[in-house]
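Structure at a glance
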Amino acid sequence: MTSFAASDGADLGPLQSGQCVAIIGGGPAGTSCALALKRQSEALGRHVRVLLFEPKDFRLESNVCVGVLSPPFNHLLSDLGLHLPPQMIQRRIGAYELHTDSADLILPERGQAEEQTVVVDRGNLDLFMLYSARGAGAEVIKEAVVDFRVDRDGVTVFGNQGTEVRCDVVVGAFGLTRIGLSTFEARTLYQRPGMMRSLLTDIPLADELIEQHVGNNIHALLLGSQPSVEFAALTPKRGHVTVNVAGPNISPVELDVSIAHFQRLGLLPKALSPAPRYGNAFPASPAHNIYRDRAVTIGNTSGLLRPLKGKGINAGLLTGMRAAKTMLEVGISRRAFDSFYKSCYDITSDYYYGIFLRWLYRFSRSLGVLDPVIDLAHDEKTLNRCFYNMVSGEGSYRDVVWSLGRPLLWLRIAAAVVRHGRGRLLAKA
Ligand SMILES: Cc1cc2nc3c(=O)[nH]c(=O)nc-3n(C[C@H](O)[C@H](O)[C@H](O)COP(=O)(O)OP(=O)(O)OC[C@H]3O[C@@H](n4cnc5c(N)ncnc54)[C@H](O)[C@@H]3O)c2cc1C
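Remember, it's a predicted structure, so these values are computed and weren't measured experimentally. Along each chain, residue indices are assigned from 1 in the same order as the chain's sequence is written. In view of the model being predicted, local features appear only for residues whose pLDDT reaches at least 70, and side-chain atom pairs are presented and counted only at 80 or more, with totals across whole chains, interfaces and linings using the full set of residues. To get the side-chain values, all heavy atoms of the structure are used, and hydrogens and water are removed first.

So, on to the environment of Val241. By the criteria applied, helices consist of DSSP H or I runs no shorter than four residues and strands consist of E runs no shorter than two, each listed in order from the N terminus. Here Val241 is to be found in strand 16 (residues 240–247). Each residue is assigned to one of three classes by its accessible area relative to the maximum for its type, calculated with a 1.4 Å probe on protein chains only: buried under 20%, partly exposed between the two thresholds, exposed over 50%. Classification of Val241 as buried rests on a relative accessible area of 0%. Separated by 37 residues in the primary sequence, Val241 and Pro204 have C-alpha atoms spaced 6.5 Å apart. If we ignore the near neighbours within four places in the chain, the residues touching Val241 are Thr201, Asp202, Ile203, Leu205, Ile210, Val214, Leu234, Thr235, Pro236 and Leu268. Any pair of residues with heavy atoms lying within 4.5 Å of one another is described as a contacting pair.

To continue, consider the site of the ligand. Throughout this document, a residue counts as near a molecule or strand when at least one of its heavy atoms sits within 4 Å of that molecule or strand. Around the ligand lies a shell of 36 residues, among which Glu54, Val68, Arg122, Val145 and Asn300 are the nearest. We define a polar contact as two N or O atoms separated by no more than 3.5 Å, with the added condition that, inside protein, one atom must be a possible hydrogen donor and the other a possible acceptor, whereas residues neighbouring each other in sequence contribute only through side-chain atom pairs. One nitrogen or oxygen atom from the side chain of Glu54 is found 2.6 Å from an oxygen atom belonging to the ligand. The side chain of Asn300 places a nitrogen or oxygen atom 2.8 Å from an oxygen atom of the ligand. All accessible areas in this document rest on Shrake-Rupley with a 1.4 Å probe, and a residue is counted as covered only by the protein chains that are shown. Coverage of the ligand by the protein amounts to 92% of the 1000 Å² it exposes when considered alone. Among the secondary structure elements, those contributing two or more residues to the shell around the ligand are helix 1 (28–43), strand 13 (195–204), strand 17 (277–283), helix 7 (299–302) and helix 8 (312–329).

Turning to the packing of helix 1 against helix 3 (residues 122–135), a few remarks are in order. Axis geometry follows a simple rule: fit a line to the C-alpha atoms, using only the stretch in contact for helices, then measure angles between N-to-C directions, giving values from 0 to 180 degrees. For the pair helix 1 and helix 3, interaxial distance at closest approach is 9 Å and the crossing angle is 20 degrees. By the criterion of interaxial angle, the relationship of helix 1 to helix 3 is roughly parallel. Remark: the crossing between helix 1 and helix 3 carries left-handed chirality. Judged by residue contacts, Pro28, Thr31, Ser32, Ala34 and Leu35 of helix 1 engage Arg122, Asp126, Met129, Leu130, Ser132 and Ala133 from helix 3. Amino acids are sorted into nonpolar (Ala, Val, Leu, Ile, Met, Phe, Trp, Tyr, Cys and Pro), charged (Asp, Glu, Lys and Arg) and polar (every other residue, Gly among them). Within the contact of helix 1 with helix 3, the residues separate by chemical class into 6 nonpolar, 3 polar and 2 charged. Any angle from 65 to 115 degrees is called roughly perpendicular, while one under 35 is roughly parallel, one over 145 is roughly antiparallel, and all others are oblique. By the definition used in this description, the sense in which the near helix is turned from the far one sets the handedness, with an anticlockwise turn below a right angle giving left-handed and a clockwise turn giving right-handed.

Turning our eyes to something else, we now look at the packing of aromatic side chains. Stacked, tilted and edge-to-face are the three classes applied to pairs of Phe, Tyr and Trp rings, where Trp contributes its six-membered ring and a pair requires centres within 6.5 Å; stacked means planes under 30 degrees apart, edge-to-face means over 60, and tilted covers the rest. Within this structure, the stated rule accounts for 9 aromatic pairs. Taking the centre distance of 6.4 Å and the plane angle of 50 degrees together, the rings of Tyr291 and Tyr341 count as tilted. Of this pair, Tyr291 sits in strand 18 (residues 291–292) while Tyr341 sits in helix 9 (residues 334–343), placing them 50 residues apart in sequence. With centroids separated by 5.0 Å and ring planes inclined at 10 degrees, the aromatic side chains of Trp359 and Phe363 adopt a geometry described as stacked. Placement of the pair is Trp359 and Phe363 together in helix 11 (residues 351–367), with a separation of 4 residues, close to one helical turn. Through a chain of ring-to-ring contacts, the aromatic side chains of Phe148, Phe174, Phe184 and Tyr190 assemble into a single cluster.

The subject of this paragraph is the domain arrangement of the chain. An automatic or database domain assignment is the source of the domain bounds shown. Splitting the chain by domain gives domain 1 (20–67 + 121–194 + 285–348), domain 2 (195–282) and domain 3 (351–428). Relative placement of domain 1 and domain 2: their C-alpha centres are 31 Å apart. Each partner contributes residues to the interface: domain 1 has 10 residues there, and domain 2 has 12 residues. Across the interface of domain 1 and domain 2, roughly 930 Å² is buried in total on both sides, 68% from carbon and sulfur atoms. Buried area adds together the accessible area that both of two parts lose upon being put together, with accessible area traced by a 1.4 Å probe. Per-residue buried area on domain 1 facing domain 2 is highest for Val64, Val66 and Leu176; these three make up 60% of the total on that side.

Structural data, given as structure tokens:
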């Protein structure tokens, strides 16, 4: 087996019995990494110690998230030896509905029953993952990491309540929290990813009203009249709906405008009781220098995420599991983590296609041609599938881009845009 060595000669090969991994953060990325490390090391007959730092009590404080789990979430979970408890599922999503300023498009969910998109409470999901990691033998330390030092023989990690541990490798899975980002930037050459802001509110609504007005569909607003909002969505849950908006400089005003638009569409009642708002960010571009000898980042921290429909929870699971595999099979040196990065080729190779599609979406929206294109997608099968793949995150963006490369499709789009423009002129006259 290849053994990797640091420049000073310290052995940084695959993790062996008695070695220790410190994981900073118990979100999807950190817990999946911990689970995979414990399960796979035991299967290899090695006893690797896994320390998982997570300060939050998920029963009281959730990570900000809508809680949409789309395919292949179940598949990834079963790779970790887990199954989502059915009682955790608040809704099974039936369709995505797109609403522009003057057009609507329903895109029915195309997944199989066992791979259908579902909605859960994020706090419950994190709790389930954390308990599962603990059940598999990871030691959970309820502290925030405030610093770490990497030296020739290992890493020293410092918790905010005085805990100091010595380990062989540190995994940054702290999402986009300021203290985690600053610490990693100070101690390694890591540079944080670009970020998109997102705001979210849970609006209490009786389940009968949800059935009546929203159904089991996720509604997305793609409004030319609200250019500062990249997207806004309304997701049905149990006893409430979640409205979230995202954009580079989003503020509560954009959230209010989106809620008002959902009210005009008849999806929300006219009178709403005030509900708290929560803000967070997600990566909008990759981070740089995401690993070095004895240190690697995963999940949101690494910025290894799809740029349009992020599926951040799935990306967290994927990168967590792949980093664990690398540490057990290849090693913990910078060179070893090259193979972790290579194993994320499905994400990295799709990145620029996603950026292109985001640009195309924003450009067509700013030109005011999104409405006729959405109208056309009712009957135009290729276009319909492209919209479905973009909003559901199914398939690769590369496939979407290639399927758009048909001249006949663009002729149809041009004809629809001209018809739409002529109709508007006639209406004005
Ligand atoms: C508004 C919003 C809605 C979203 N909705 C969805 C959705 O519906 N579906 C989806 O797939 N994705 C969604 N995402 C994205 C998704 O939440 C993230 O991509 C995903 O949670 C990333 O997982 P992670 O483990 O990398 O980071 P996180 O989930 O952020 O977990 C990081 C963990 O690290 C802990 N931590 C932070 N600092 C420290 C420290 N110093 N020491 C120890 N622990 C620390 C935190 O407490 C946290 O539990 C949404 C994002 C936003 C902002």
